[in-house]
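These are the residues of each chain, in order.
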Amino acid sequence: MGATRAADPRLHCRALPGNYPERSDVTLHFVDYFILAIYFAFVLGIGWVLKKRVTSSSDFLTSSRSVPLWITSLAFVATNLGAQELVGMCASGAKYGIMTSHFYWVGAIPAMLFVGVFMMPFYYGSKARSVPEYLKLRFDEKTRGFNAIAFAVMTIFSSGISMYALGLLFQLVLGWSFFSSILLSAAIVLIYTFLGGLTSAIYNEVLQFFLIMLGFAPLAYFAVARAGGWEGMASRLPEAWTHSWKYAGDAAANPMGIEVFGIFAGLGFVLSFGYWCTNYLVVQRAMAADSMAAARLTPIVGAFPKMFIPFIVILPGLAALALTKMGDGYSLPIKGDSYDYDQAITTLMAQFYPSGMLGVGLTALMASFMSGMAGNVTAFNTVWTYDIYQSYIRKKAPDSHYLWMGRMTTIFGTLLSIGAAYLATLYNNLMDLLQLVFSFVNAPLFATFLLGMFWKRSTGHGAFTGLVAGTGAAALTHGLTMAEGKGGWLGNLHEFPSVMAQNFWIAIMAWSACFVTTIAISLITRPRPQQELQGLVYGVTKIPHEGGVPWYMRPAPLSVAAGIVCILLNLIFW
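The structure presented is a predicted model; accordingly, all values stated were derived computationally and were not measured. (Residues numbered from 1 in each chain as written. Predicted model: local features only at pLDDT ≥ 70, side-chain atom pairs only at ≥ 80, totals over all residues. Heavy atoms only, no water.)

Draft legend 1. Highlighting the overall build of the protein. Across its full length, the protein holds 22 helices and five strands. Against the 2.2 N^0.38 benchmark of 25 Å for 574 residues, the protein shows a C-alpha radius of gyration of 23 Å, consistent with a compact globule. Structurally, the protein occupies a C-alpha span of about 70 × 55 × 50 Å along its principal axes. Burial statistics for the protein: of 574 residues in total, 63% are counted as buried. Looking at the protein as shown, the accessible area adds up to about 19900 Å², and 68% of this sits on carbon and sulfur atoms. Looking at charge distribution, the protein has the averaged site of its 34 positive side-chain charges lying 11 Å from that of its 26 negative ones. (Helix = DSSP H or I, 4+ residues; strand = E, 2+ residues; numbered from the N terminus. Rg over C-alpha atoms; globule rule 2.2 N^0.38 Å. Buried < 20%, exposed > 50% of the residue type's maximum accessible area, 1.4 Å probe, protein only. Areas by Shrake-Rupley, 256 points an atom, 1.4 Å probe, with all protein chains shown as cover. Lys, Arg positive; Asp, Glu negative; His and termini not counted. Charge placed at Lys NZ, Arg CZ, Asp CG, Glu CD.)

Right under this line is the structure:
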C-alpha cells in the first residue's frame, strides 16, 4: 500500500432508488412461514409460562438472582448478539475486512475476562440492583442520576438500531413496508417482555443463541465456498482486507483507517472495557446469576463461544465483497456514493438460502433482533424504574406499583425505540452508529468505574464532574472532526479516513478527560471513610476464593485458558 488510504473495493454498479432496499426476487414458501410461526409461538409461550413466576418488582426487573450459570453465560453472549451485531459486523466485514475481528479478540475477550475476575465481586457483592445504583453506593446520588439518564438514552438507541436492521430484512425479503416491519417485530418483543420480564428475556436469549448459530453458520459456509474459500477471497480483495494486524502500523494502509495505538487504546481499552465492564445491559445478565461464583464465571465462560463468532458473522461480509468483484450474479447494493454494507447479510441469505433454509435464516435474524431489543428494553426498565422513577419521582410507593411501572416502561421504551430506528437510516453501517453512541456513554463511564473500584481516594464530586467532562469531550471531538461526512458540526479541525477511526478517537478523548478530571477534583474534595467502602472498592473488600474447586471452575485459571486461545487466533490471522 502507498501513502494513501487502502484501495476502495467498490465496483461501479447501478444505484437503487430511495433509502431502503428493493424487494428481492426470493419467494417464501409455506415451510418458511411455518418456521417463523413456530418461533413466534415459542417465544410468546416462554413469556406466558414465566409470567406465573413474576410476583414482585424484583422478579420482573432482576430475576431475583436465581438463574443458573449455563443460562447466564449464554445470555451474556446472546445479549450482544443482536441484529446490530449480526448485520453490523457482517457489514463491517465487507467495509473493513478481517480487521473487524478486533471487535472480538481485542475489543471483547480481555474485558470479559477482566469483569469476571476483578469487577463482578463488587457488582454482585454490593447487592446493587443496577450499575447506576452501584455508582450511588460508591459515590453519590448525582453521579447515579447522570449515568442513569445517559444509559437510558443509549439503550433506546441500541434498541432502535435492532429495529432498523429487522425492518431492512423484512422489506428486502418479504416486501413489507419499513414501518410495518418494525411495528410487528416490536409487538412480539413487547408481549413476551411485558409478561415475563428479565427472566423471560434471558431464557429467550439462550434459545436465540442456538438459533443464530444454526441459522448463520451455513450462510458463512455457502458464501465463502462460492467465493473460492479463504484463498479465493484473498485473491479478489486488497491484501489489507485479509490481515488483522499486518497493515495496522499505518492508518493510511488499512481499510479501517486506524493505527495500532487507536486499536488498543480506543477499541481494546476504552470502548471494550467501557462496554463489557460498565454497560448494565450485559452486566445485568451476570447479576441475575444464582451465586457469586456463577456471577464471576458468567462472562468468563461466555468468552469461549464469543471468540469464535467472527467466523459466522464477519466472513460472510468478506465473501459478499469478493462475490461482488467476481460479477457472478451477486452484488452489494449501493447507498449514496458507497455500498449499503448493512444489506450484506440479507442479500446473501436471499442469494444462497433455498426454501426451508431461508425460513431458518429469517428466524435466526428475527432471533437476533429479539435478543438485542429485549436486552435493551429490560435494562431500560430496571434503570428507569429503580434509578430514575423510584429515586426522583415516587420514592416510597408499594412494590406492586414498581412492578406496574416496570411493565409500563416496557411499552414506553418500545415506542421510543421505534423513533430511534429512523435515525439509524442515516448510516450505511450500523456498527459505526453503535460505536459512536458507546463512545459518548461507556467510554467516560469506564474511567469512573476504574477509579471508583480501584482507588479509595476518588470522590463523588470527582466522579460526577469527570463524567460531565468526558461526555463534553466526546461531543467536542465529534463536533470538531469529520469522517465520511459525519461530525464537524462545530468546525473541521481534522478529517478521519473512516467513521470507525473517528469513533475510536472520540472514545479516547472522552475517557482521558473523565479520568484526569476525576483525579483532579477528587484530590481537592473529601473522600468517604474507608469503612463505608467495604464491598465497593478493591483493597477494603474481601475477594472470594474458591478453595477445593477444580481449576476449570475458578475464574483466574479459566481466564488464562481463554486468553491463550484468543492470542492464538490473533496470530493465525495476523
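Draft legend 2. View of the environment of Asp432. Looking at the element boundaries, Asp432 is found in helix H19 (residues 430-454). Asp432 sits in the buried class, given a relative accessible area of 1%. A C-alpha to C-alpha distance of 16 Å links Asp432 and Met163, two positions 269 residues apart in sequence.

Draft legend 3. How the structure looks around the confidence of the model for the protein. Averaged over all residues, the pLDDT of the protein is 82; the fraction at 70 or higher stands at 91%. The weakest mean pLDDT in the protein belongs to helix H2 (residues 57-62) at 70; the strongest belongs to helix H20 (residues 460-480) at 95. Predicted confidence for residues 1-25 stays below pLDDT 50, and this span has 64 contacts to residues more than four positions away or in other chains. (pLDDT = per-residue confidence, 0-100. Contact = heavy atoms within 4.5 Å.)

Draft legend 4. Examining the packing of aromatic side chains more closely. As enumerated under the stated definition, the model contains 31 aromatic pairs in all. Relative to Tyr134, the ring of Tyr123 lies with its centre 5.7 Å away and its plane at 70°, an arrangement referred to as edge-to-face. With a gap of eleven residues between them, Tyr123 in helix H6 (residues 109-125) and Tyr134 in helix H7 (residues 131-138) connect regions that are remote in the sequence. Here Tyr123 falls in the buried class, since its relative accessible area comes to 0%. Ring geometry for Trp230 versus Phe573: centroids 5.7 Å apart, planes at 80°, classification edge-to-face. On the criterion of sequence distance, the pair formed by Trp230 in helix H10 (residues 229-236) and Phe573 in the segment after helix H22 (555-572) is long-range, its members being 343 residues apart. Under the relative-accessibility criterion, Trp230 is labelled partly exposed at 29%. Under the relative-accessibility criterion, Phe573 is labelled buried at 15%. By the ring-pair criterion, three or more aromatic residues cluster together here, those being Phe114, Phe118, Phe122, Phe269, Phe273, Phe446, Phe454, Trp511, Phe515 and Tyr538. (Phe/Tyr/Trp six-rings, centres within 6.5 Å; stacked < 30°, edge-to-face > 60°.)

Draft legend 5. Representation of the sheet that holds strand S5 (residues 494-495) within the structure. Here we have three strands laid out as an open sheet, ordered S4-S3-S5, and mixed in their pairing. The sheet terminates laterally at strand S4 (486-487) and S5, the two strands that pair on one side only. (Pairing = 2+ DSSP bridges.)

Draft legend 6. Seen up close, the packing of helix H13 (residues 292-306) against H22. Axis separation between H13 and H22 bottoms out at 10 Å; the angle between their running directions is 20°. Relative to H22, the element H13 lies roughly parallel. Considering the relative orientation of H13 and H22, their crossing is left-handed. Contacts between H13 and H22 involve Arg296, Leu297, Ile300, Val301 and Phe304 from the former and Pro555, Leu558, Ser559, Ala561 and Ala562 from the latter. For the contact of H13 with H22, the residue count by class is eight nonpolar, one polar and one charged. (Axes fitted to C-alpha atoms, helices over the stretch in contact; angles between N-to-C directions. Parallel < 35°, antiparallel > 145°, perpendicular 65-115°, else oblique. Left-handed = near helix turned anticlockwise from the far one by under 90°. Nonpolar A, V, L, I, M, F, W, Y, C, P; charged D, E, K, R; others polar.)

Draft legend 7. Seen up close, the pattern of salt bridges. Tallied over the full model, the rule gives seven salt bridges. Lys136 is the partner of Glu141 in a salt bridge, and the nearest nitrogen-oxygen pair spans 3.7 Å. One salt bridge in this structure joins Arg528 and Glu532, with 3.1 Å as the shortest N-O distance. A residue is classified by how much of its surface remains accessible, and Arg528, at 27% relative accessible area, is partly exposed. Assessed through its relative accessible area of 39%, Glu532 is described here as partly exposed. Here the salt bridges do not stand alone but share partners, grouping Lys136, Glu141, Arg144 and Asp387 into one network. (Salt bridge = Lys/Arg side-chain N within 4 Å of Asp/Glu carboxyl O.)

Draft legend 8. Representation of a nonpolar patch on the surface. A contiguous nonpolar patch, built from Val560, Ile564, Ile567, Leu568, Leu571, Ile572 and Trp574 and spanning about 750 Å² of accessible area, is present on the exposed surface. Inspection of the secondary structure assignment puts Ile567 in helix H22. (Patch = residues over 30% accessible without salt bridge, like charges linked within 9 Å, V, L, I, M, F, W, Y side chains within 5 Å.)

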